Amino acid sequence: RDNPQYRKRVLRALLPKNRKLTFLDNREVTLLERIDALEASTEKRRLAEVDLYRFRAGLIENCALPHLKKLHPEDVNGTTTSYRPALVTKLRRMSGLGLESSTVDFSSFERLEELNIANNRLTSITAIGLQSLVQLRVLDVHSNKITNTLDEVAELIDGLPELECVALRKNPFSERPSYAQCRFKLIGLIKGLRRVECQLRVIDTEIQIRERVDAWQKAGGDHQATEKLRYKAIMFQRLPKGTHKGELKQLDLSAAGFPTIDVTKFGNLRVLLLRRNELTSLRKQGIDDLEHLQVLDARDNKLTDVREVASLVLKLTELQTVGMSGNPWAIKDASAYRHELLQLLPLLHEQECSFKMIDERAITADEVIAAWKDNKPSKHEAKNMRFRVLLLTKIMKGCEPETIAELDLSSSSLDSVDLSSLKSVRRLSLANNSLKSLKDSNLHRLDLRALDVSHNKLSSMAELALLLKAMQSLEILLLHRNPCYQTDDAKTRVKWLAAHGAYFTPITQPLKVLCGAVIEVYELCEAADGDKRFTKANIEEIRLKLVLKRRDRRGAKRAAFDVDADGGKVVTQLDMSGCKFQSLVALYRLPQQLVMLDCRDNEITSIDADVFSRLTLLEHLDLRNNMFGSLKALLHTLRDCCPALVTLNIEHATKHKKETAGNSNYHIKVCRVLRQLHEVDGMRNPFGAQALTFKPGGGGGDGGDAAGGGGGGAGGKGGHRPGATKHHATRLAATRRGRTMKIRDDPRGGARDAPPP
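The paragraphs below set out a description of the structure included in this document. Computed from a predicted model, the values in this text were never measured in an experiment.

## Regarding the sheet that holds strand β6 (residues 165–167)
Argument step 1. The six strands lie next to each other as β3-β4-β5-β6-β7-β8, forming an open sheet whose pairing is mixed. What marks the edges here is a single partner per strand, and that holds for β3 (90–91) and β8 (205–206).
Argument step 2. Of the pairings in the sheet, the one linking β3 to strand β4 (residues 114–116) comprises two bridges and is parallel in character. Bridge pairing links lysine 90 to glutamate 114 in β4.

## Section: the environment of alanine 559
Argument step 1. Among the secondary structure elements, alanine 559 is positioned in strand β21 (residues 559–563).
Argument step 2. For alanine 559, a relative accessible area of 10% gives the class buried.
Argument step 3. Separated by 16 residues in sequence, alanine 559 and aspartate 575 place their C-alpha atoms 6.2 Å apart.
Argument step 4. Ignoring any residue separated from it by four or fewer positions in sequence, one finds alanine 559 in contact with Leu548, Gln573 and Leu574.

## Section: the nonpolar core
Argument step 1. In terms of nonpolar packing, the biggest core is built from 147 residues, with Trp496, Leu574 and Phe612 touching the most fellow members.
Argument step 2. What phenylalanine 612 contacts, discounting residues up to four positions off in sequence, is Leu584, Leu597, Ile607, Leu618, Leu621, Leu638, Cys641 and Cys642.
Argument step 3. Grouped together as the second largest cluster of nonpolar side chains are 53 residues, Val88, Leu91, Phe109 and Ala154 included.

## Observations regarding the packing of aromatic side chains
Argument step 1. Using the criterion set out here, one finds four aromatic pairs in the structure.
Argument step 2. Ring centres of phenylalanine 55 and phenylalanine 106 lie 5.4 Å apart, and the angle between their planes is 85°; this geometry places the pair in the edge-to-face category. Taken together, the residues phenylalanine 55 in helix α3 (residues 47–63) and phenylalanine 106 in the loop between β3 and β4 connect sequence positions 51 residues apart. In this structure, phenylalanine 55 and phenylalanine 106 share a single accessibility class: buried.
Argument step 3. Each member of the aromatic cluster is reached from another via a ring pair, and the members are Phe55, Tyr83, Phe106 and Phe109.
Argument step 4. Looking at arginine 543, its charged tip hangs above the ring of phenylalanine 581, at a distance of 5.6 Å from the centre.

## Observations concerning the environment of valine 680
Argument step 1. Looking at where valine 680 falls in the secondary structure, it is placed in strand β26 (residues 679–680).
Argument step 2. It is 5.7 Å that separates the C-alpha atoms of valine 680 and asparagine 649, two residues lying 31 residues apart in sequence.
Argument step 3. Sequence-distant contacts of valine 680, that is, excluding residues within four places in its chain, are made with Leu648, Ile650, Tyr666, His667, Val670 and Cys671.

## Quick look at helix α17 (residues 490–501)
Argument step 1. With twelve residues, α17 extends 16 Å from end C-alpha to end C-alpha; this agrees with the ideal 16 Å at 1.5 Å per step.
Argument step 2. Buried residues of α17: Thr492, Arg493, Val494, Trp496, Leu497, His500 and Gly501, and no others.
Argument step 3. For α17, the elements touching its buried residues are α16 (461–468), β18 (476–478), β19 (513–514), β20 (517–518) and α18 (521–529).

## Topic: the pattern of salt bridges
Argument step 1. Per the counting criterion, the structure on display carries 35 salt bridges.
Argument step 2. Residues glutamate 360 and arginine 299 are paired through a salt bridge, measuring 3.6 Å at the closest nitrogen-oxygen approach. Separated by 61 residues along the polypeptide, glutamate 360 in the loop between β13 (357–358) and β14 (361–362) and arginine 299 in the loop between β11 (295–297) and α9 (306–315) bring together distant segments of the chain.
Argument step 3. With relative accessibility at 63%, the residue glutamate 360 sits in the exposed group.
Argument step 4. Judged by its relative accessible area of 12%, arginine 299 falls in the buried class.
Argument step 5. The salt bridge involving glutamate 540 is made with arginine 543; its shortest N-O contact spans 3.3 Å. One end of the pair, glutamate 540, and the other, arginine 543, are both in helix α19 (residues 536–549), three residues apart, so they sit about a helical turn from each other.

Each value, and the rule that gives it
- Residues numbered from 1 in each chain as written.
- Predicted model: local features only at pLDDT ≥ 70, side-chain atom pairs only at ≥ 80, totals over all residues.
- Heavy atoms only, no water.
- Pairing = 2+ DSSP bridges.
- Helix = DSSP H or I, 4+ residues; strand = E, 2+ residues; numbered from the N terminus.
- Buried < 20%, exposed > 50% of the residue type's maximum accessible area, 1.4 Å probe, protein only.
- Contact = heavy atoms within 4.5 Å.
- Core = buried A, V, L, I, M, F, W, Y, C linked by side-chain atoms within 4.5 Å.
- Phe/Tyr/Trp six-rings, centres within 6.5 Å; stacked < 30°, edge-to-face > 60°.
- Lys NZ or Arg CZ within 6 Å of the ring centre and 35° of its normal.
- Expected span 1.5 Å × (residues − 1).
- Salt bridge = Lys/Arg side-chain N within 4 Å of Asp/Glu carboxyl O.

Set out below in structure tokens:
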């Protein structure tokens, strides 16, 4: 079945006698297979009928709806009603059918727009009814046997006013003496191509304006008329249809071969592209009247006077970019013409200017300064010259320096700055420059929120701190990689905070981020430790105030507040972790409504009973990683002072870390003392009322005493049951292995382990 000869023999036998045969072996019978079967079964004297069948069947295949396609020869050769020729607009599948000119006639398809009859056996393009197809836009007749003359083909094309694309290659008439010569000659013979509004754009390949002009001249056209055609044809092709010249904002006349242009009627242009033309001058072209022009590309022309470009830049105040490379002045020295042009533009360093770019490369401050120095400025003019030029190149036209809120002057080789005009700047970067001092920079006059002076040559920390003391809103400072702040280590950070903090208190210190890291509470307190204004007690109070005021390194608030009965704020949750507290005496000032207290990662040595006796509502306490002297004393204080405590974290809380290490039995000690706890370091209390119905020394039933002694309750036996202590130890060990064992009542009294699920 996969043998094509087998399929061909079967179809030749079946198709002539079977009108409705459509599929063979699950494959649709194609039109070419039908033609082959008909040709094999027809006598030679009647082969003309086969040629007619090719054409008519091809039309049905292209035009008829699927349910109306009847391709049997008896149906095709009769009068067909499966389609209406006057309504057909596209015939795209007429190629490769072996059509002959004698049997083809398209004259009845008056609305046809696209026709593909390539790869057939047509010998004449003028005898198949194409003259009637006045709406035809696309015609493909390549790879046929057309022998018409070029004049006949040109006359046919001229008679199709809407024709845009025609394919003629690989025909006898287009190959003598060569295809390129025939195509060029045909372009010269087509009279429609001499009209500006001609729709024809493609003869096998796109027709260039230069080809139209040169071919017409070769055919005897007048030089003046051909040049006029060049200009008008380019304008016709490149101007959007329906757009008035005065409304056009972009005009591309690149590669048009113009020696001169006239753009006076395009007064609203923003972009003018004139690359690869024959322009020798920019004067008297109407360019200087384009007051809104922003981009001018004059590359690859024949311009010789750079002063013409300079005069345009000075006159057109909105001009931002000019393309100049590829002209005679640029070919000699690719960099000299930039320097020469900038020398003619003093406005670049004297006032605000829109001009920012030459040849797709931004004008740098170094180029402006180098050109300006050739004019031999005075020392007064040279001071802060680079800074002023950078401002002019970075600030957009129409934007006043007084209104700028954010400015980046990093990596600009600045050695001095004058910031007096930047009154509204809130974020300023001067990183990676050569600044040795900011004393004369007027930095203190700014109200900054963020300042980056990293990677400079600042040598005095005290001088910088004095300048920044007036900035009450400065929150972010980057100072690293300066002689006064080489590395961002703990010692250097505290040293800077001490220098800057001399003009503030730790509470009023505005800085929140130093060199990319959040300033911690303990850093501010260490900086204040050497300040004579504060005592040890003051510093602990300040430490607590900072905790209430500042956020942690993750940006989260350390304190949570609630509203009391009088409408005032009271602290209910407090995070004091990692602040290097040595005592908790300062908590005495807080209200009694504290519910959660996090004191981990500090240096606390003891708990003041007077302080904690006030925290009667405290439920959650974290004391991990501290320096308490005795676990026993700590637990007794908590038992006496915190009756509501339900969660306690105490791992590594003592000076002797082994005493509260994870592999020790400190959990049992804690739970025996603090019976009200639910959890200790994530482990449930095996002795508490929440965990068991039985307590050592007490009853085990529902009526048993949760605190331990006393008689048994209902269904329980009084007194201590042997094995109870062993039971608690077993359950604690199971819990530590990560396996929770439920406790159920023993019908004999007491409690016992439930079997695992």
